[in-house]
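What the coordinates show
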Amino acid sequence: MSNILNSTVLLSTTLKPCSKNWMNIWKQLISAPLGGASWILNSILLVAILSNRRLRSKREYWLMMALAFADFAEGVASFIGAVYRLPYYYSDTGCYDYVTPLYCMVLPHNIIWRWSDTATAFMLTATALDRFIAISHPTFYIVRSAIAMIAFVYGISLFCEFYAWIMPIQLQIAGVKLQAVCGTGGLIDKVYTQVIKYLTGAMSALSVLIYFVVAYKVHRYMRRMTEMTTYGGEKQPKITKRELKFTITSLIKGLCTLILDSSTRIFGVYGLVAEQITGSNPENSGVGSFLFAFNKLNGVLNVFVYAGGQKEVRANT
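Everything quoted here is computed from the prediction, not taken from an experiment. (Residues numbered from 1 in each chain as written. Predicted model: local features only at pLDDT ≥ 70, side-chain atom pairs only at ≥ 80, totals over all residues. Heavy atoms only, no water.)

On to the overall build of the chain, then. Regarding its fold elements, the chain presents 14 helices and 2 strands. Classification of the 317 residues of the chain by burial places 47% in the buried group. Across the chain, contacts joining residues at least 24 apart in sequence account for 84% of those joining residues at least 6 apart. Surface summary for the chain: the accessible area is close to 16400 Å², and the carbon and sulfur share equals 69%. (Helix = DSSP H or I, 4+ residues; strand = E, 2+ residues; numbered from the N terminus. Buried < 20%, exposed > 50% of the residue type's maximum accessible area, 1.4 Å probe, protein only. Contact = heavy atoms within 4.5 Å. Areas by Shrake-Rupley, 256 points an atom, 1.4 Å probe, with all protein chains shown as cover.)

Once that is clear, we can look at unusual backbone geometry. Its identity is not glycine, yet Cys182 carries a phi of approximately 55 degrees, on the positive side. Note on placement: Cys182 falls in the loop between β2 (178–179) and α9 (190–231). By relative accessible area, which is 2% here, Cys182 ends up buried.

Here the focus is empty space enclosed by the protein. Scanning all chains against the criterion turns up 1 cavity of 30 Å³ or more. Lining the largest cavity are 13 residues, with Asp71, Thr120, Asp261, Asn295 and Gly299 sitting closest to its centre. Grouping the constituent residues of the lining of the largest cavity by class yields 3 nonpolar, 5 polar and 5 charged. (1 Å grid on protein atoms, 1.4 Å probe; cavity = no way out; pocket = protein on both sides within 12 Å on 5 of 7 lines; lining within 4 Å. Points joined across faces, edges and corners; volume = space filled by probe spheres on them. Nonpolar A, V, L, I, M, F, W, Y, C, P; charged D, E, K, R; others polar.)

Sites flagged by UniProt as "transmembrane region" (unreviewed entry) map to residues 29–50, 62–84, 111–129, 141–166 and 195–216. This span, residues 29–50, is 100% helix and 0% strand, and a straight line between its end C-alpha atoms measures 32 Å. (UniProt positions renumbered as here; feature names shortened; annotations may be inferred.)

Here the focus is the state of the cysteines. Scanning the entire structure with this criterion turns up 2 disulfides. Linked covalently through their sulfurs, Cys18 and Cys95 form a disulfide whose S-S length is 2.1 Å. Looking down the S-S bond of the Cys18 and Cys95 bridge, the torsion is -95 degrees, so its handedness is left-handed. With Cys18 in the loop between α1 (2–12) and α2 (22–50) and Cys95 in the loop between α4 (60–90) and β1 (98–99), this pair connects stretches of sequence that are 77 residues apart. Residue Cys95 is classed as partly exposed on the basis of its relative accessible area of 23%. Put simply, Cys104 and Cys182 are joined by a disulfide, and their sulfur atoms are 2.0 Å apart. (Disulfide = S-S within 2.5 Å.)

With respect to the secondary-structure elements, Glu312 resides in helix α14 (residues 311–314). Considering only alpha carbons, one finds Glu312 and Ala48, 264 residues apart in sequence, at a separation of 9.7 Å. Dropping the residues within four chain positions of it, Glu312 is found in contact with Arg54, Leu55, Lys58 and Tyr61.

It is worth spelling out the side chain of Ser78 at this point. Relative to the assigned elements, Ser78 resides in helix α4. Residue Ser78 is classed as buried on the basis of its relative accessible area of 1%. When neighbours within four sequence positions are excluded, Ser78 is seen to be in contact with Ser31, Gly35, Trp113 and Lys296.

Here it is, written out as structure tokens:
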């Protein structure tokens, strides 16, 4: 009799299979290889510059290294996060595993993500702004301006890293448990998440706008130099050939940012807003966040753009 009762209890407590969200599964399947490629290629770019004293001493390469490091960190987080999350999304019973909020926050990819998510977009803007100063005011372009921009971007990103811990600590104190997949939803404050997504999208788009202005200034500079050489005339502030070549390479990088980063971030934000207004469909939710997976391509192309455009970098990769 007791065996029959025990069997009935076991049957009544049997876990039902988790409903699989294929949008989330495909997002991880895309994020893993793109994150891994960004991780490896940006590490190659960093090693190529850092291993050559002549390259690492040039001021224009400092922001390149700072951007490459941010993309490297984002790639590491994306790869580790996808490898960690995919088994839970695909598992038939993984949705019944629960952990504490602080367990989720100390996972390596979550620690890195809180910093890199902001750093990548802000460094794109900082790099574009650096080129604007170098072309518009070459006389006043100094090393300290690049250092100041890197310190500001990394500092802001570190602040965002610490701020993101507020809600998880509150949830930990309240004794709340979360699904072991440790997704952002329910772990990070929703308002903070929205602000960061909007802000990074805006920063990425701003970098493209700055590059448009830089392209116009480069065109004007080249035309004036041609006129001065042909007809003579008022002297223009001298921009070194090295600076000009690096700026043109940065403009190509700006075009890649427009196609692969700004557009995906902006449409991703649009998707998130649409989901908030219309509600989430269990099978089709996450369209906005799904688009954010594709901006890893911009980081992947770093090594090809800079190595292809800069002969001295190419020689060391």
